[in-house]
Amino acid sequence: MRFKVSSSDLYKKLQVGLGAIDSNPVQPILEDFLFVLKGNTLTTTSSNLDTTIRVETEVQGETDGEIALPAKLLLEILKALPDQPLNFEIDEENNWLEVTSAFGKYRMAGDDPIDFPALPEIEQEHTLTINSKILSKAIGYTIIGTSDDELKPGLTGVLCLIDFNKLTFVGTDAHKLVKYTYPGIDVDYTKSFLTPKKSLHLIKNVLHGDFDVRIYFNDKMVFFEFENTLFISKLLNDPFPNYNAFIPVDNPNTLYIDKKDLLNSLKRISIFASKSTNQVTFNLDESSLTISSQDLDFSNEATEQLPCTYEGEPVTIGFNSKFFMEVLSIMYPGNIRMELLDYTKPCIILPEEQEEGEHLLLLIMPVVMGY
Amino acid sequence: MFERAILHMDLDTFFVSVERLKNSSFEGKPLIIGGLNSRGVVASCSYEARRFGVHSAMPMKMALRLCPQATVLRGDMDSYTLYSNMVTEVIAEDAPVYEKASIDEFYLDLSGMDRYFGCFKWSSELRQKVIRETGLPISMGLSVNKLVSKIGTGEAKPNGGKEIPNGTEKCFLAPLSTAKIPGIGKETYKKLSFMGVRKIETLSRIPVRLLEREFGQNGKVLWEKANAIDMTPIVPYREQKSISKERTFMEDSLDLRMIRDVLSGMADSLAYELRSKKKLTSVITVKIRYADFNTYTKQKKIAYTSNDRVLHAYIKELFDSLYERRQLIRLIGVKFSGLVSGYFQMDLFEDTMKDIRLLQQMDRIRNRFGYNAVKRANTLL
């Protein structure tokens, strides 16, 4: 196997695949990239068994072949070299690689490509095409809602629900929930899949630019294909709650307030809340919102009053300010609408005006106070 | 004159005195307060009963063998708390700084008051005031530190007061038995006796190094105590670190259903206590003592909560993983620690509005009519 490639080109492509390489993998071969050369196309594959990333790079190929190469060493030398054409020559019998640069020669030992786990079979059972910007946005929003609790594995993923012309992403940890709906697709089926948040983080990191992403999936796997890159992730088959039944539709009290004002106020007030519970209290009446917090252990206290428009009964409601700020931070700038009842029911946050062609809903659970 | 003056006050046979206030026919008779069943122990007993050799923490069976004519009462913690609070109020009114060390014990810091009032005179007046206003006998000891004052109170009992003037602490302690030092229990006393040390004076003359060799870190503390050295300050308010409940069964049991129900009952009442104090817990501990007295505990760190539902689930989980010996159980207990102030966070999928409302209504009923006014059916034991 022999080929010529630009060092910065290869470096960029390998960086995409690096996300799927764990620092301490179960099998030593998973520290490697699998290099496969066919004609002028070099395919590099990396995997941690849950996520697999395959990237194609244009090279000047001379002879075809395969080898597995240690990722760390390879990336280090590519990073240290200024941009220039590199000559790769691989001895497939003894599994070693020799790279020739303008400065000299570098030799490293590779592994037998047979040992590299086979790529899962690509089954295009259900397919769907979506713009990269929309996908990146949907992942970025909903991942905030997900949980880290390994005891509820279903909540550590983002649910993607495809319903004829509507695509919905949901992330929740039972204290907060983020739901993002995009109505601009056109398929002839209703299906859903649950992707682990770790894989979604990796995908989001490489979704730069404006291009189409083809998504296809079956019961076990989801594939994201875009711009010479194929992303494969295992799906979670743990139960995801029937979230829609828990989103109240008849909350009678409505608050209109500027997002930035509320978020900044919360940032200040939460400094004075107990560090272990982060609890803040909202006092709502006709024309003002009073936010306060108290840390009894250190005798800290803070109160702020914000102008707002409020329709409904005066109410006192408490929240975990950490959760509240997390969800609020993803909201669009401008006014928000908050629908609530009291401390017994979830509280909903919506933008006053939804952005065109999408729908964002945030939900946060209050703390039970009022004795 | 005292440089530092610490007053210790202790209500004499507190539970007995309260019972006598409520029913004067108990005056002058041997009276024992404690559990009535076969496993009960003596919580408090009158001086008349003590004459027969009865003392607190003695098994009730043995106490009745020693003093069969004694009247035994179950005791009523609520009224003891009430009287204790009355005494606290009287003390709080006059004292500059006080520490409530237990239900019937108080420490007061009177440093600097000598010049104006005379500490002992002031203390005696306070003692008289407590007796006058509550009708409960109380003893006191006044000295330079907590330790000597407490031992002084012990010497002043019943119903007396003792001053150990500045500089005479060591002389005061010298002739007393080492068993009188708080913190020296049965085992330490036994060991000291074997060493031939019976009087505090002897103990105070043993080199610290020798004591440290015999008793480890505790050795130095022992030596300091014997030499009347105690710098512990008066702590006016102590943050409660944990709340717990334990139950010894009348007979060792294998009835898991009953045991789980008892655990739920404890969880309910502790969780109610948390909520009414506006606290949350973050560590749950479950304890099992088997019939052979082997005791095991298991604890778990959880997200801050005071929600019955969550606590029940964790306690059940802990108990199921802790109980593995297929042996009769003598005692079970639950402890909540890692307490902070706050309200519990609702769970979107598990807490329904109905559950929360139910919990709140139950708490409201309990706030008005007491904890036992309403309970879950499975905890009605």
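Residues numbered from 1 in each chain as written. Chains lettered and ligands numbered in written order. Predicted model: local features only at pLDDT ≥ 70, side-chain atom pairs only at ≥ 80, totals over all residues. Heavy atoms only, no water.

### Brief notes about the packing of aromatic side chains
All names here are of chain B.
And then number 1: Inspection of the entire model under this criterion finds 19 aromatic pairs over all chains.
And then number 2: Look at F319 and Y323: their rings are 5.7 Å apart centre to centre, the planes differ by 5°, and that puts the pair in the stacked class. Grouping residues by exposure puts F319 and Y323 together as buried.
And then number 3: The cationic tip of K146 hangs over the ring face of Y107; the distance from NZ or CZ to the ring centre is 4.9 Å.
And then number 4: A cation over a ring is seen here: K191 above F215, with NZ or CZ 4.9 Å from the ring centre. (Phe/Tyr/Trp six-rings, centres within 6.5 Å; stacked < 30°, edge-to-face > 60°. Buried < 20%, exposed > 50% of the residue type's maximum accessible area, 1.4 Å probe, protein only. Lys NZ or Arg CZ within 6 Å of the ring centre and 35° of its normal.)

### Notes on a negative patch on the surface
Residue and element names in this part refer to chain A.
And then number 1: On the surface, E121, E123, E125 and D219 cluster together into a patch of negative charge.
And then number 2: With respect to the helices and strands, E123 occurs in the loop between strand 9 (105-109) and strand 10 (126-131).
And then number 3: E123 gets classed as partly exposed once you look at its relative accessible area, which sits at 40%. (Patch = residues over 30% accessible without salt bridge, like charges linked within 9 Å, V, L, I, M, F, W, Y side chains within 5 Å. Areas by Shrake-Rupley, 256 points an atom, 1.4 Å probe, with all protein chains shown as cover. Salt bridge = Lys/Arg side-chain N within 4 Å of Asp/Glu carboxyl O. Lys, Arg positive; Asp, Glu negative; His and termini not counted. Charge placed at Lys NZ, Arg CZ, Asp CG, Glu CD. Helix = DSSP H or I, 4+ residues; strand = E, 2+ residues; numbered from the N terminus.)

### Remarks on the sheet that holds strand 4 (residues 71-73) of chain B
Residue and element names in this part refer to chain B.
And then number 1: Strand order across the open sheet formed by three strands is 3-2-4, with mixed pairing between neighbours. Both outer strands of the open sheet, strand 3 (42-45) and strand 4, are each paired with one neighbouring strand and no more. The mean inter-strand angle of the sheet, taken between neighbouring strand axes irrespective of direction, is 25°. (Pairing = 2+ DSSP bridges. Axes fitted to C-alpha atoms, helices over the stretch in contact; angles between N-to-C directions.)

### Focus on the pattern of salt bridges
And then number 1: A full pass over the atoms with the stated rule returns 44 salt bridges over all chains.
And then number 2: Between E89 of chain A and R2 of chain A there is a salt bridge, with the nearest N and O atoms lying 3.4 Å from each other. Residue E89 of chain A is located in strand 7 (residues 85-91), and its partner R2 of chain A is located in strand 1 (residues 2-6); the two are separated by 87 residues in the primary sequence.
And then number 3: Of the residues examined, E89 of chain A reaches a relative accessible area of 35% and is grouped as partly exposed.
And then number 4: With its nearest N and O atoms 2.7 Å apart, the salt bridge here joins E304 of chain A to R268 of chain A. With E304 of chain A in strand 21 (residues 300-307) and R268 of chain A in helix 5 (residues 259-270), this residue pair connects regions lying 36 residues apart in the sequence.
And then number 5: Three or more residues joined by partner-sharing salt bridges are found here, namely D268, R275, D308, D363, R366 and R376 of chain B.

### Some remarks on the layout of surface pockets
And then number 1: Quantified by volume, the largest pocket comes out at close to 1100 Å³.
And then number 2: For the largest pocket, the lining is made up of 39 residues, of which D149, H175 and F323 of chain A together with A303 and Y304 of chain B are closest to its centre.
And then number 3: Sorting elements by how many residues they give to the lining of the largest pocket places strand 11 (residues 295-305) of chain B first, with six residues.
And then number 4: Space inside the second largest pocket adds up to approximately 950 Å³.
And then number 5: Contributing to the lining of the second largest pocket are 26 residues, with D10, R50, S56, K150 and K157 of chain B lying nearest its centre.
And then number 6: Secondary-structure elements contributing two or more residues to the lining of the second largest pocket are strand 1 (6-11), helix 1 (14-22), strand 3, helix 2 (47-50) and helix 6 (146-156) of chain B.
And then number 7: Along the lines of polarity and charge, the residues of the lining of the second largest pocket split into 10 nonpolar, eight polar and eight charged.
And then number 8: In this structure, the lining of the second largest pocket is formed jointly by two domains, domain 1 (1-144) and domain 2 (172-226) of chain B, each of which donates at least three residues. (1 Å grid on protein atoms, 1.4 Å probe; cavity = no way out; pocket = protein on both sides within 12 Å on 5 of 7 lines; lining within 4 Å. Points joined across faces, edges and corners; volume = space filled by probe spheres on them. Nonpolar A, V, L, I, M, F, W, Y, C, P; charged D, E, K, R; others polar. Domains from an automatic or database assignment.)

### Examining the interface of chain A and chain B
And then number 1: At the interface, 30 residues of chain A touch 20 residues of chain B.
And then number 2: The contact between chain A and chain B buries some 2400 Å² in all, and 63% of this surface belongs to carbon and sulfur atoms.
And then number 3: A salt bridge links R357 of chain B to D342 of chain A; the shortest N-O distance between them is 3.1 Å.
And then number 4: Looking at the side of chain A that touches chain B residue by residue, the class counts come to 18 nonpolar, eight polar and four charged.
And then number 5: One ladder, built from two bridges, connects strand 27 (residues 367-368) of chain A with strand 14 (residues 344-345) of chain B; its direction is antiparallel. Note that in strand 14 of chain B the partner of V367 of chain A across the bridge is Q345 of chain B. (Contact = heavy atoms within 4.5 Å. Buried area = accessible area lost by both parts, 1.4 Å probe.)

### Things to note about the side chain of K129 of chain B
Residue and element names in this part refer to chain B.
And then number 1: Counting through the fold element by element, K129 comes out in helix 5 (residues 119-134).
And then number 2: K129 sits in the buried class, given a relative accessible area of 13%.
And then number 3: Those residues in contact with K129 that sit more than four places away from it in its chain are V90, E93 and D94.

### Here we look at the domain arrangement of chain A
Residues and elements named next belong to chain A.
And then number 1: Here the domain parsing of chain A yields domain 1 (2-115), domain 2 (126-216 + 235-244) and domain 3 (247-364).
And then number 2: Placing the centre of domain 1 and that of domain 2 at their C-alpha centroids yields a distance of 31 Å.
And then number 3: Taken together, the six residues of domain 1 in the interface contact four residues of domain 2.
And then number 4: Summed over both sides, the interface of domain 1 with domain 2 buries roughly 350 Å², with 63% coming from carbon and sulfur.
And then number 5: Three residues, V16, G19 and T51, lead the burial of domain 1 against domain 2; their summed loss comes to 70% of the area buried on that side.
And then number 6: Joining domain 1 to domain 2, the criterion identifies one salt bridge.
And then number 7: When the shortest N-O distance is used, the salt bridge between D22 and K198 registers 3.8 Å.

### A short note on the nonpolar core
And then number 1: Ranked by internal contacts, the top residues of the largest apolar core, which has 72 residues, are I162, L262, F282, L289 and F324 of chain A.
And then number 2: Here the element with the most residues in this core is helix 3 (residues 132-143) of chain A; it accounts for six residues.
And then number 3: With residues near it in sequence (within four places) discarded, F282 of chain A still touches L262, L266, L289, T290, I291, V315, T316, I317, F319, F324 and M338 of chain A.
And then number 4: Counting 32 residues, the second largest nonpolar core, distinct from the first, contains F14, F106, M113 and V144 of chain B. (Core = buried A, V, L, I, M, F, W, Y, C linked by side-chain atoms within 4.5 Å.)

### Quick notes on the sheet that holds strand 3 (residues 41-47) of chain A
All names here are of chain A.
And then number 1: Spatial strand order, 6-2-3-4-17-16-15-10: eight strands in an open sheet with antiparallel pairing. Pairing within the sheet leaves two strands with one partner each, and these edge strands are strand 6 (65-70) and strand 10. Each strand axis lies, on average, 20° off the axis of its neighbour in the sheet, ignoring direction.
And then number 2: In this fold helix 2 (residues 71-80) packs onto strand 2 (32-38) and strand 6, with an angle of close to 85° to the strand it touches most, strand 6.
And then number 3: Packing against the sheet, helix 4 (residues 197-206) makes contact with strand 4 (51-58), strand 16 (221-226) and strand 17 (229-234), and its axis sits at approximately 165° to strand 17.

### Considerations on the pairing of strand 18 (residues 253-258) of chain A
The side chains of a regular strand alternate, first on one face of the sheet and then on the other.
Residue and element names in this part refer to chain A.
And then number 1: Of the pairings in the sheet, the one linking strand 18 to strand 24 (residues 335-340) comprises six bridges and is antiparallel in character. Following the sheet pairing, T254 is matched in strand 24 by E339.
And then number 2: As defined by bridge partners, strand 18 adjoins strand 22 (residues 309-311) across three bridges and the pair is classed as antiparallel. Counterpart to L255 in the pairing with strand 22 is Y310.

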